[in-house]
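Descriptive structure summary
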Amino acid sequence: MRPMSSPGFQLQSVGELQARLEAERSGSPFLLFRDGDGRQQLVRLPADGAEVVIGRNPDQGIELAWDPQVSRVHAVLERVGGVWTIEDDGLSRNGTAVNGVPLSGRRRLRDEDVLSCGAVNLQFRSPEAAGVAETLKAACEGPDPHGLTPAQRRVLVALCRPLRDTPYGAPATNKQIAAELTVSVDAVKTHLRRIAELLDVGELPQNRKRAELAWRALSTGVITPRELLSDR
């Protein structure tokens, strides 16, 4: 899995979180990137699978006009056999990469693949594949890259979960987390203290710590908007 914690994909505002949650709820594949002014862009791919051109000045499609390294027609997205693919095949002058690997011919896209066209990174998201992706992640991945234990991750997701419905609201209380996970309040407190240390919010005043912890987890990609929407 490619992490969402790279600078181009980090959340910068609650409004961006709300937009991503709405995109995930739609169930349709989309591309996530930032434009020349640093604004988050979410482009839903067409349900009929019609090709989508990525370029500096395409007749239609995704326009990356601010980057001179992007060719007028740089790459093409197309749904083939029910899955989205990307193809360059000499269309661009500077080439296209997927997860840092130069693209040659056509390649099938998987959830969270990062497409590099010039200096612009675009992340492919496929909510429709979320169930399978999360199962494989749990079964196949090694230690959590952020140092969280499985129990700590469950507590952190539960802390952030209320933000899926009201991104401008408050994270869950210790009692709410304990009830969701069927653990004691003391266990929740212990986990949250350790999580706060791992995410460098341990020194904040108690009245700010809970909200900052939830935002730090979401904005840096430790917890993704998709996890807030998943089954408990």
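The text that follows walks through the structure, step by step, so that each part is easy to find. (Residues numbered from 1 in each chain as written. Predicted model: local features only at pLDDT ≥ 70, side-chain atom pairs only at ≥ 80, totals over all residues. Heavy atoms only, no water.)

1. Regarding the environment of A196
Convention followed: Only DSSP runs of H or I with at least four residues qualify as helices, and only runs of E with at least two residues qualify as strands; both kinds are numbered from the N terminus onward. Contact definition: two residues touch when any of their heavy atoms are within 4.5 Å.
Tracing the sequence through the fold places A196 in helix α5 (residues 185–198). Sequence separation between A196 and A214 is 18 residues; the distance between their C-alpha atoms is 9.8 Å. Residues contacting A196, with those up to four places away along its chain left out, are V201, G202, K209 and L213.

2. Digging into the nonpolar core
Cut-off, in case you're wondering: Joining through side-chain atoms within 4.5 Å is the link that ties buried Ala, Val, Leu, Ile, Met, Phe, Trp, Tyr and Cys residues into a set, and such a set is a nonpolar core. Burial status follows relative accessibility: with a 1.4 Å probe on protein chains alone, a residue under 20% of its type maximum counts as buried, one over 50% as exposed, and anything between as partly exposed.
Counting 27 residues, the largest nonpolar core has L156, I177, L192, I195, L213, L218 and I223 as its most contacted members. A total of six residues in this core trace back to one element, the largest contributor, which is helix α3 (residues 150–160). Those residues in contact with I177 that sit more than four places away from it in its chain are V155, A158, L159, A172, V188, L192 and R210. Core analysis: the next-biggest nonpolar cluster, separate from the first, contains 20 residues, L64, V70, W84 and L115 among them.

3. Examining the sheet that holds strand β7 (residues 96–98)
Here is the rule we go by: Note: two strands are recorded as paired if DSSP finds a minimum of 2 bridges between them. A fitted line through C-alpha atoms serves as each axis, taken over the contacting stretch for helices, and the angle formed by two N-to-C directions is quoted from 0 to 180°.
Pairing is antiparallel across the open sheet formed by six strands, whose spatial order is β2-β1-β11-β10-β7-β8. With partners counted over all chains shown, the strands left at the sheet margins are β2 (40–44) and β8 (101–102), one partner each. Of the pairings in the sheet, the one linking β7 to strand β10 (residues 114–117) comprises three bridges and is antiparallel in character. In the sheet register, V98 faces β10, and the bridge partner there is L115. Along the sheet, helix α1 (residues 14–26) makes contact with β1 (30–34), β2 and β11 (120–125), crossing β2 at roughly 10°.

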